[in-house]
Amino acid sequence: MTGQLNLVVLGKQGAGKGTQGQRLCELHGLAHISTGDMLRAAVAAGTPLGREVQSVLDAGLLVSDELVNQLVADRFKEPDTAKGAVLDGFPRTTFQAQALEQLLGEGGIKLCISIEIANDLVIQRLSSRRICQECGTSYKDTDVAAISGTCEVCGGDVVQRSDDKPEAIQKRLETFDRDTLPLLSFYESRGILVKVNGNQLREKVAADIDGLLHGRGLA
Ligand code: AMP
């Protein structure tokens, strides 16, 4: 597993984890593992898992560690993870980070990229965010795809996420500070944490990330 390029992208909601994660996957041939996308797909498909987690997602709370740990472990059995993966929205708690470390082995994660962004920008971005229910592509409310309600990538329905409403956004920010922020010291202690300023245009964030990967001999 240590030959794989596994990257953890950490950051508050709306920091650009999905956008940057997707881009890194295309660039390096990696699998995009977004636990949020997987859980939303289960909700949209009305599976037993989806029915179990829907109210938790709507409230902006976290689903259980055991459940997401299992989802990720199963996902790593799929062939598209051969070269590695970008983990987006996972891990979100110290327990999840420990489980991931166990799953991938020592040195299994090459870098944790923390995209840092101010809370007022989070609120602004999430309130205007629309996503494709099918493939997870993200749009702004003023984009053609958002206005027409049809995804430009796959033709799926473009909607506002139920947890991108004000009360849930606030709850998710609190959850991030309490449960996910401690992961910065977790990855720092392993010498693999890098920080990127997310309060910039996506192209600049992308260039900063590429520079950091290059600097570490990972790209
Ligand atoms: P996201 O798209 O990453 O913001 O995730 C949306 C929602 O899915 C979160 O607010 C949680 O309810 C749930 N979720 C996603 N990833 C995790 C995770 N690693 N641990 C617990 N809950 C998660």
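Just above sits the structure.
Residues numbered from 1 in each chain as written. Predicted model: local features only at pLDDT ≥ 70, side-chain atom pairs only at ≥ 80, totals over all residues. Heavy atoms only, no water.

Things to note about the sheet that holds strand 7 (residues 158-159)
Here we have three strands laid out as an open sheet, ordered 6-5-7, and antiparallel in their pairing. Only two strands of the sheet have a single neighbouring strand rather than two, namely strand 6 (138-140) and strand 7. In this structure, strand 5 (residues 129-132) lies alongside strand 6, joined through three bridges in antiparallel fashion. Considered in strand 6, the bridge of R130 is made with Y139. (Pairing = 2+ DSSP bridges. Helix = DSSP H or I, 4+ residues; strand = E, 2+ residues; numbered from the N terminus.)

Some thoughts on helix 5 (residues 94-104)
All of the buried residues in helix 5 are Q96, A97, L100 and L104. Buried residues in helix 5, looked at end-on, bunch into an arc of 100°, giving them a common side. In this fold, the buried residues of helix 5 make contact with strand 1 (7-11), helix 4 (65-75), strand 3 (85-88) and helix 9 (182-188). (Buried < 20%, exposed > 50% of the residue type's maximum accessible area, 1.4 Å probe, protein only. Arc of directions from axis to C-beta. Contact = heavy atoms within 4.5 Å.)

Overview of the sheet that holds strand 1
The sheet built from five strands is open, its strands ordered 2-3-1-4-8 with parallel pairing. Pairing within the sheet leaves two strands with one partner each, and these edge strands are strand 2 (31-34) and strand 8 (193-197). Strand-to-strand, the axes of this sheet are offset by a mean angle of 20°, without reference to chain direction. In this sheet, strand 8 lies alongside strand 4 (residues 111-116) in parallel orientation, the contact comprising five bridges. Within the sheet, the bridge partner assigned to I115 lies in strand 8 and is V196. Against the sheet, helix 2 (residues 35-45) engages strand 2 and strand 3, with an angle of about 70° to strand 2. (Axes fitted to C-alpha atoms, helices over the stretch in contact; angles between N-to-C directions.)

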